[in-house]
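Geometric and topological summary
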Amino acid sequence: MKTLVLFYSTYGHIYKMAEAIAEGAREVAGNEVVIKRVPETLTTALLDQIGATQAQQAFAHLPVATVEELPQYDAILFGTPTRYGNLCGQMQSFLDGTGGLWAKGALVGKVGGVFVSTATQHGGQETTIRSFHTELLHHGFVIVGLPYSWQGQTNIEEITGGSPYGASTIAGGKGERQPSANELEGARFQGRHTAEIARKLAAK
């Protein structure tokens, strides 16, 4: 069984969540887990201007995914920062290139999930994931979220991301907040839970 953790990250928050997602997925026996990123669409000058260049060096070594390879995987977990309550342009551009796969039904029956980040506590985490789910449903994905069997999302002792729709983190308006221990645990849970369901489906 193969699982792809596919992400875009501007300042590294989603990359850290992707690593946690992959850690959880690797706990499922027989699961080969790959982390890849989608192509960048911003110019180097603009990335320098917004202060993202240095942060992105942390994951520049990771390979860039291609649309054509997606059918190789049994499960795909998608990570994106939120842009105005929706997924980022880099991820959307990548998905816009999957029309050929849609026409062939190449992703029907794959297991999919979404994890996100926002600048603020109510910055569109749930709307972004739900919007992303719509695109996955058009491709025929079996969608897996973050069920309440992960008790961390009932935590009211601290500000934290995480909802039944998927793992999430709050980055802060200037990107100053890193994913908390609770948020990373939610990501690990989602990665493991998604891989477990994919393994069950692959066995049939």
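Residues numbered from 1 in each chain as written. Predicted model: local features only at pLDDT ≥ 70, side-chain atom pairs only at ≥ 80, totals over all residues. Heavy atoms only, no water.

Looking at an unreviewed UniProt entry, the protein chain carries the name NAD(P)H dehydrogenase (quinone), with the source organism given as Hymenobacter daecheongensis DSM 21074.

1. Here's the deal with unusual backbone geometry
Even without being glycine, tyrosine 84 reaches a positive phi, approximately 55 degrees. In this fold, tyrosine 84 is placed in the loop between β3 (75-83) and β4 (86-87). (Helix = DSSP H or I, 4+ residues; strand = E, 2+ residues; numbered from the N terminus.)

2. Observations concerning the pattern of salt bridges
One pass over the full model with this rule turns up five salt bridges. One salt bridge in this structure joins arginine 177 and glutamate 183, with 3.0 Å as the shortest N-O distance. On the accessibility criterion, glutamate 183 (1% relative accessible area) is buried. The network of salt bridges with common partners includes Glu23, Glu185 and Arg188. (Salt bridge = Lys/Arg side-chain N within 4 Å of Asp/Glu carboxyl O. Buried < 20%, exposed > 50% of the residue type's maximum accessible area, 1.4 Å probe, protein only.)

3. Concerning the UniProt feature "domain: Flavodoxin-like" (unreviewed entry) in the protein chain
What UniProt calls "domain: Flavodoxin-like" (unreviewed entry) maps, in this numbering, to residues 3-194. Between the first and last C-alpha atoms of residues 3-194 the distance is 9 Å; the span itself is 35% helix and 18% strand. (UniProt positions renumbered as here; feature names shortened; annotations may be inferred.)

4. Concerning the layout of surface pockets
What the largest pocket holds in volume is close to 280 Å³. Contributing to the lining of the largest pocket are 16 residues, with Tyr11, Pro81, Arg83, Ala119 and Ala171 lying nearest its centre. Contributions of two or more residues to the lining of the largest pocket are made by α1 (13-26), β3 and β5 (111-118). Of all the elements, β3 adds the most residues to the lining of the largest pocket, at three residues. Its residues assigned to classes, the lining of the largest pocket comprises five nonpolar, nine polar and two charged. By volume, the second largest pocket amounts to about 220 Å³. Along its surface, the second largest pocket is lined by 15 residues, and Gln125, Glu126, Thr160, Gly162 and Ser163 are the ones closest to its centre. (1 Å grid on protein atoms, 1.4 Å probe; cavity = no way out; pocket = protein on both sides within 12 Å on 5 of 7 lines; lining within 4 Å. Points joined across faces, edges and corners; volume = space filled by probe spheres on them. Nonpolar A, V, L, I, M, F, W, Y, C, P; charged D, E, K, R; others polar.)

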